[in-house]
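An overview of the molecular structure
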Amino acid sequence: MEETLLESCESVFAAGRAMHTKSREFVAQSWSSERRSDMIVAARALLTAITKLLVAADVADMRQLLKTSHRIEDHLRKLQKAENMTELMHSWKAFAPEIITLMNLAAQRQEDVKDEWTQEQLAASRALFDKASKLFLTTAEAHLDHKEINSALENKTFILGQMGMALKTIALVAEGRELGETASEEVIEIPAAMEGELERTFHHLLHLVEEANKRDLTAEEKGEMEGRISVISRAAEFLSQSEYTRDYRQDKIISCCKAVKESFKHLVDTVNSKEAWRERRMEEILLSMGSNTVELRRELRHAMLDHVSDIFVDTSHPVQELLQAAEGGQIGDFEDKMTKFLHHARDLEKVATLACSLSSDGQGVKLTKYITKRVMILAPQVVNAADTLVGNTKSKSAQRNMAAFEGFWKETVYALVESIDTIIPVQDFLAVSGTCTLI
């Protein structure tokens, strides 16, 4: 690779000299079309040489990144096989400098590439590898001290797996390969940026209503309209029955949903009518259907905010209760708090998914979905750390391991809260806050 770079540099130098010579000749005989043509040819040759040099430099950077990733893979295998703290620390001392090298190379690669998707993959991989590497020694020490406890092994295996996944993603992106080319490779995947499913359904329904104001809809479009209304009705039914939706809002959702269904029924009946008042009646029905649909969407968004305000009001309490139960060493209390914690994690996922489905912010939805997935992956590992501690309450390594996963959990949930804040329109938040204040 060094020879290729040197040859490319020589080519640029030679092309530059030729360009200099041809340019001076053209200046001396600027009226000569032959001199002009020679200068243009020399300029193109220089640009070609520079392009080849830049490509060679990019390939060199990629190879260096891949070599570093391969070395780290070897280090990870050694860390996994360490049987005692001496072996672990020996392997770690060789591994630590490679982390810095990898982070710097990946950061440089992220800065150099222009593709937004590639930048996001590298950013997510770097962040995950950095966080997991900081937790590894803690989890490995807890496992070495408590080899008989399966949950301690699962924590260690999880952290190694997260580092391996991040490393594999960096390597695949550096090689320019599609993620998921090989089914056996687990990699970090960033969801596509698009508005929520339910929000798209509302947009499509309102578009069909608008089209119906201009012309007669085809049979296929009427079927689509009925399908969209059915999807929205199921979502409305779910939210109207949820324990987190306020009672007064449940009634509004039910009435709005009923009004939309009735408007569609009247629309179908009027379309098939031959009466003279058909056109005027159609306008009235479509106006009513459009306003009822908008009102239903507004109420569903407000119901979603009811869920967000209830579930996200105190995200640290469930994990704190789990920690206290583990420190107390009472198995019965621990199992109860573990069940509550996992239920809370599932609630976080449900509410985040609901918020995404009703958002038109594609970038925000993408980030929220990614973080939600991270939350659900992490939840069982927090339980594993607590399980290691509950039977070894005096163990310093088990305490540090639990504290590390508790911190990791809080950081991830906080990131989820921040991302959800970005996809909730301010006017919706103010409307719900104002209603709550009045009530």
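Conventions used here
- Residues numbered from 1 in each chain as written.
- Predicted model: local features only at pLDDT ≥ 70, side-chain atom pairs only at ≥ 80, totals over all residues.
- Heavy atoms only, no water.
- Helix = DSSP H or I, 4+ residues; strand = E, 2+ residues; numbered from the N terminus.
- Rg over C-alpha atoms; globule rule 2.2 N^0.38 Å.
- Buried < 20%, exposed > 50% of the residue type's maximum accessible area, 1.4 Å probe, protein only.
- Contact = heavy atoms within 4.5 Å.
- Areas by Shrake-Rupley, 256 points an atom, 1.4 Å probe, with all protein chains shown as cover.
- Lys, Arg positive; Asp, Glu negative; His and termini not counted.
- Charge placed at Lys NZ, Arg CZ, Asp CG, Glu CD.
- Phe/Tyr/Trp six-rings, centres within 6.5 Å; stacked < 30°, edge-to-face > 60°.
- Polar contact = N/O pair within 3.5 Å; in protein donor to acceptor, adjacent residues only side chain to side chain.
- Core = buried A, V, L, I, M, F, W, Y, C linked by side-chain atoms within 4.5 Å.
- Axes fitted to C-alpha atoms, helices over the stretch in contact; angles between N-to-C directions.
- Parallel < 35°, antiparallel > 145°, perpendicular 65-115°, else oblique.
- Left-handed = near helix turned anticlockwise from the far one by under 90°.
- Nonpolar A, V, L, I, M, F, W, Y, C, P; charged D, E, K, R; others polar.
- Salt bridge = Lys/Arg side-chain N within 4 Å of Asp/Glu carboxyl O.
- Patch = residues over 30% accessible without salt bridge, like charges linked within 9 Å, V, L, I, M, F, W, Y side chains within 5 Å.
- Expected span 1.5 Å × (residues − 1).
- Bend = angle between axes of the 7 residues up to and from the residue.

Brief notes about the overall build of the protein chain
Counting its regular elements, the protein chain contains 14 helices and zero strands. Shown N-terminal to C-terminal, the secondary structure of the protein chain runs as helices and strands in the order α-α-α-α-α-α-α-α-α-α-α-α-α-α. Relative to the 2.2 N^0.38 estimate, which gives 22 Å for 439 residues, the radius of gyration of the protein chain is 31 Å and therefore markedly larger than a compact globule would have. Projecting the C-alpha coordinates of the protein chain onto the three principal axes gives extents of approximately 85 × 85 × 40 Å. Per-residue burial over the protein chain gives 45% buried out of 439 residues. Sequence separation of at least 24 residues holds for 75% of the intrachain contacts in the protein chain that already meet a minimum separation of 6. Total accessible area on the protein chain stands at roughly 23100 Å², and carbon and sulfur atoms take up 54% of it. Each charge sign in the protein chain was given a centre, from 54 positive and 69 negative side chains, and these centres are 3 Å apart.

Here we look at the packing of aromatic side chains
Using the criterion set out here, one finds four aromatic pairs in the structure. Ring plane angle 15 degrees and centroid distance 6.1 Å describe the contact between Trp-92 and Phe-136, whose orientation is recorded as stacked. You can see Trp-92 sitting in helix H3 (residues 85-112) and its partner Phe-136 sitting in helix H4 (residues 116-145), a full 44 residues away along the chain. Phe-136 sits in the buried class, given a relative accessible area of 0%. Three or more aromatic residues joined by ring pairs make a cluster, and in this case those are Trp-92, Phe-95, Phe-129 and Phe-136.

A look at the environment of Thr-201
Along the polypeptide, Thr-201 turns up in helix H6 (residues 197-214). A residue is classified by how much of its surface remains accessible, and Thr-201, at 7% relative accessible area, is buried. Note: C-alpha distance between Thr-201 and Gly-364 (163 residues apart in sequence) is 18 Å. Residues in contact with Thr-201, not counting those within four places in the same chain, are Arg-228, Val-231 and Ile-232. A distance of 3.0 Å separates a polar atom in the side chain of Thr-201 from the backbone oxygen of Glu-197.

Observations regarding the nonpolar core
By size, the foremost hydrophobic cluster in this structure holds 106 residues, and its most contacted members are Phe-129, Met-225, Leu-296 and Trp-409. No other element matches the 12 residues that helix H12 (residues 362-390) contributes to this core. Those residues in contact with Trp-409 that sit more than four places away from it in its chain are Thr-315, Val-319, Phe-341, Ala-345, Leu-348, Val-375, Leu-378, Ala-379 and Val-382. Core analysis: the next-biggest nonpolar cluster, separate from the first, contains eight residues, Met-19, Ala-42, Leu-46 and Ala-49 among them.

Side note on the environment of Arg-400
Positionally, Arg-400 belongs in helix H13 (residues 396-423). Arg-400 sits 235 residues away from Met-165 along the chain, and the two C-alpha atoms are 24 Å apart. With sequence-adjacent residues up to four places away left out, Arg-400 is seen in contact with Thr-138 and Glu-141. Side-chain polar atoms of Arg-400 contact the side chain of Glu-141, separated by 2.8 Å.

What to know about the packing of helix H2 (residues 33-81) against helix H5 (residues 150-175)
Between H2 and H5, the shortest axis-to-axis distance is 10 Å and the interhelical angle comes to 165 degrees. Here H2 is positioned roughly antiparallel relative to H5, judged by the angle of their axes. The two elements H2 and H5 cross, and the hand of that crossing is left-handed. Facing Met-62, Leu-65, Leu-66, Ser-69, Ile-72, Glu-73, Leu-76, Leu-79 and Gln-80 of H2, the residues of H5 in contact are Lys-156, Leu-160, Met-163, Gly-164, Leu-167, Lys-168, Ile-170, Ala-171, Ala-174 and Glu-175. Taken together, the residues of the contact of H2 with H5 sort by class into 12 nonpolar, three polar and four charged.

Remarks on the pattern of salt bridges
Once the charged atoms of two side chains with opposite charge are near each other, the side chains can pair. Tallied over the full model, the rule gives 20 salt bridges. A network of salt bridges, in which partner residues are shared, links Asp-333, Asp-336, Lys-337 and Lys-340.

Observations regarding a nonpolar patch on the surface
On the surface, a nonpolar cluster with roughly 290 Å² of combined accessible area is contributed by Leu-47, Ile-50 and Leu-54. Take Ile-50: it is sitting in helix H2. Judged by relative accessible area, Ile-50 falls into the partly exposed class, the value being 32%.

Focus: H4
With 30 residues, H4 should reach 44 Å at 1.5 Å per residue; the first-to-last C-alpha distance of 44 Å fits that figure. Within H4, the axis deviates most sharply at Phe-136, by approximately 35 degrees.

Brief notes about the side chain of Ser-419
For Ser-419, the position within the fold is in helix H13. Setting aside residues up to four positions removed in sequence, Ser-419 forms contacts with Leu-367, Thr-368 and Ile-371.

Remarks on H12
Here H12 is 29 residues long and its end C-alpha atoms lie 42 Å apart, about the 42 Å a rise of 1.5 Å per residue gives. Of all the bends found along H12, the most pronounced is centred on Leu-378 and spans about 25 degrees, while Pro-380, a proline, follows it within four residues. In terms of burial, H12 is a largely internal element, 21 of the 29 residues being buried. N-cap assignment for H12: the residue whose side-chain oxygen lies 3.4 Å from the backbone N of Gln-363 is Asp-361.

Note that all results are geometric; they support no functional claim without further evidence.
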